[in-house]
Amino acid sequence: MIRSIRTKLVLTFTCLIFLSLGSSFWSVYNFYALSSAVSTILNENYQSVLAAENMMKSLERQDNALLIASEGESPSSGGVVENKDLFRDYNANRDAFYYWYNQAGRIGNVPHQIPLRDSIQNAYQRYTAQADLMNGRIAQGAFGDAKLYYYDMVRPLSNQLRELCLRLFELNQASMFEALPRAHAIANQTAYGTMLMSFVALVLSIVAMLWLTRVFITPAEQLTDRVKQIGAGKLDLKIDVRSDDEIGQLSKEFNKMTERLMRYEQLNIEQILAEKRKSEAIVDRISDGLIMTDASMVILHANTVMTELCCDTSRDVIGRSMTDVVHDARVKRMLRDCYEGKEQQLSPRTQYVEFERNGVRLYYRPRLTKITDSEGVLTGVLMVLQDVTQFRELDHMKSDFIATLSHEFRTPLTSINMSVDILNQEILGSLNERQKELINSTKEDCYRLTKLARELLQLSKLESGKLELKNEELDVAGVIDFSLQPLRLPFAEKGIRLDVAADADLPRIMADEQQISWVISNLATNALKHTEAGGTVTVRARTENGVLVIDVEDTGHGIAPENLDKIFDKFVQVKHTSDQTPGSVGLGLAIAKEIVELYGGKIGVVSTMGKGSTFTFTLPLHHVDSPAV
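This structure is a prediction, so every number in the text was calculated from the model and none was measured. (Residues numbered from 1 in each chain as written. Predicted model: local features only at pLDDT ≥ 70, side-chain atom pairs only at ≥ 80, totals over all residues. Heavy atoms only, no water.)

Caption draft 1: Highlighting the pattern of salt bridges. Tallied over the full model, the rule gives ten salt bridges. Across the salt bridge formed by Asp-63 and Arg-162, the nearest N and O atoms sit 3.0 Å from each other. Taken as a pair, Asp-63 in helix H1 (residues 5–70) and Arg-162 in helix H4 (residues 143–231) lie far apart in primary sequence, 99 residues in all. Between Arg-540 and Glu-553 there is a salt bridge whose closest N-O contact spans 2.4 Å. Here Arg-540 is found in strand E9 (residues 536–544), whereas its partner Glu-553 is found in strand E10 (residues 547–554), with 13 residues between them in sequence. (Salt bridge = Lys/Arg side-chain N within 4 Å of Asp/Glu carboxyl O. Helix = DSSP H or I, 4+ residues; strand = E, 2+ residues; numbered from the N terminus.)

Caption draft 2: Just the sheet that holds strand E5 (residues 378–387), in detail. Judged by pairing direction, the sheet is antiparallel, and its five strands sit side by side in the order E2-E1-E5-E4-E3 without closing on themselves. The sheet is open, and its two edges are formed by strand E2 (299–302) and strand E3 (353–357), each paired on a single side. Direction aside, neighbouring strands of the sheet carry axes that sit 25° apart on average. Relative to E5, strand E1 (residues 289–294) runs antiparallel, the two being bridged by six bridges. Within the sheet, the bridge partner assigned to Leu-290 lies in E5 and is Val-384. Strands in contact with helix H8 (residues 329–340) are E1, E3, strand E4 (360–372) and E5; relative to E5, the strand with the most contacts, it is inclined by about 145°. (Pairing = 2+ DSSP bridges. Axes fitted to C-alpha atoms, helices over the stretch in contact; angles between N-to-C directions. Contact = heavy atoms within 4.5 Å.)

Caption draft 3: Spotlight on the nonpolar core. Counting residues in each nonpolar core, the largest one holds 42 residues, and the members touching the most others are Val-476, Leu-484, Ile-520, Ile-550, Phe-615 and Phe-617. Elements that contribute at least two residues to this core include exactly helix H11 (476–484), strand E8 (509–511), helix H13 (513–529), E9, E10, helix H14 (588–598), strand E11 (603–608) and strand E12 (612–620). It is H13 that contributes the most residues to this core, seven residues altogether. Beyond its immediate chain neighbours, meaning those up to four positions away, Ile-550 contacts Val-476, Ile-520, Val-539, Arg-540, Ala-541, Phe-615, Thr-616 and Phe-617. Formed by 30 residues, the second largest nonpolar core is a distinct cluster that contains Ala-51, Leu-66, Tyr-90 and Cys-165. (Core = buried A, V, L, I, M, F, W, Y, C linked by side-chain atoms within 4.5 Å. Buried < 20%, exposed > 50% of the residue type's maximum accessible area, 1.4 Å probe, protein only.)

Caption draft 4: The arrangement of the packing of aromatic side chains in detail. Tallied over the entire structure, the rule returns six aromatic pairs. A centroid spacing of 5.2 Å and a plane angle of 75° characterise the contact between Tyr-99 and Trp-100, whose relative ring orientation is edge-to-face. Given the relative accessible area of 45%, Tyr-99 is considered partly exposed. Its guanidinium or amino end placed over the ring of Tyr-149, Arg-137 lies 4.3 Å from that ring's centre, counting from NZ or CZ. (Phe/Tyr/Trp six-rings, centres within 6.5 Å; stacked < 30°, edge-to-face > 60°. Lys NZ or Arg CZ within 6 Å of the ring centre and 35° of its normal.)

Caption draft 5: Expanded view of the pairing of E10. For E10, the tally of buried residues reaches six of eight residues, placing the bulk of the element in the interior. Judged from the eight bridges that link them, E9 and E10 form a sheet pairing that is antiparallel. Looking at the pairing, Arg-540 lines up with Asp-551 of E10. The antiparallel hairpin formed by E9 and E10 contains two residues in its connecting segment, where Asn-545 sits at a positive phi of about 55°. Direction of pairing for E10 relative to E12: antiparallel, over a ladder of seven bridges. Within E12, the position partnered with Asp-551 by the bridge is Thr-616.

What follows is the structure, given as structure tokens:
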């Protein structure tokens, strides 16, 4: 059995080539036979007919020449007979007769034509002999005798000779008619044979094409279709092995590959399922709440913590709509806002959500993440409630500790301040210059410690929500003037210009004047500290996009870019090499940030080294009630 595709193709095309050559040779042979038959008709019969016809014409001209010569007139000039004219016309036609006789004899030796040609030759010899005798009489001038001799002796031979030539003409003409059916038969045989060979070649070519299609193309198409189906994920496919050639071997290897892919797929599915179960077990046991929904707000997964906190535990939540099973309005709102693109950054005051479970207050920080495909289309939302209860308790403990420490500092510091004031007033006795310097240094340190204790106490109250704020209707321009009034003298002493630029149509706001004033005063004090003499500090106030915007701009040293993100952190100080005034402990900007964000505003800074800084904070204009906790 042939097992190679190459051998099959070579044998198939070799057979087709030999078949084509055989058909071609058959056609050439039949056309050659047809050509031979036609050539025979033309060479043997048609040429003989033409020769007989021309011999009769030559004989007729000879008779005319002899007859005209017997009348005593020249056939060319119309005058008296001249011997040279007679012999020229007669000899020319005689030569023509011999020429055509020889042509008839050279065409072919047909047996039944040989006696007839011999008779023509004998008759023509007798005719020429009698014509020569007649020409002799004409040459002697015996024209009447020559004419009688023509009718008595020459004309009968001429008629006999003409009948023989006519018989040769008719004989060859009959032979031509007899050869026509044979030529038609050969032509028909050639046409039928060629058609038969062409039909056989066509049938064999179709058979070969169908065989090649079944052997090569059909398995290749099946293999291609199976590969596409496997690419689509359908792995339980087999190909029938029908041959031992390369395609059969490829089919065997393909079946082996699909078996390996099936085993590998089953192994991967088992591993994926195991990892899925492991991940679900881990997610279910973490202390954070987790819920995932698809683009239609249908819950895909929710762990135990999330289910106990805000879902209906009486039924399975997986596969159900979020609006049907989530009963906590805050979680619903945050998920819906995330779907609608309305999610907002939570402020520090509302960055956690409080729950109560089993009589215990728990605090969670919500984190929402949109899940999109490669084209940016929303496919789901993941919400994580990060458990911050422990950090919340630690924050309370830290705030209580700072508040207690600050409170405990204030009593001894008050006593120290009173003692220093009594000594400085020399109530207990006079002081020398050295003692006064020590007393003044001690008073400055007491002032800094008192300020630190006050700031720590205020920061702890802000972070713990125990700071009680007043709800006052404030004139923004008046608050700015009130805040900057105590600083005008230090600005003047240092040689720094202080400008205020407030819009005339600023609206009134509801806030605590003392806290807002403290923020403005702190920012202006920092600008004073970091601006050299001859510089300028400008305080601006305006409304923009429904919020109050206050800027404090200076022409001081500026802040390095790496420090811009951390200057609002607690206990962070950014000092310049030229600073001569004692620095604080780094709580002023942290307290200012807490106050601004307490009202729902934002605070930030833009700075360029060597050119100055601009601190900006915003306050919403829609606040009416005090935001105190």
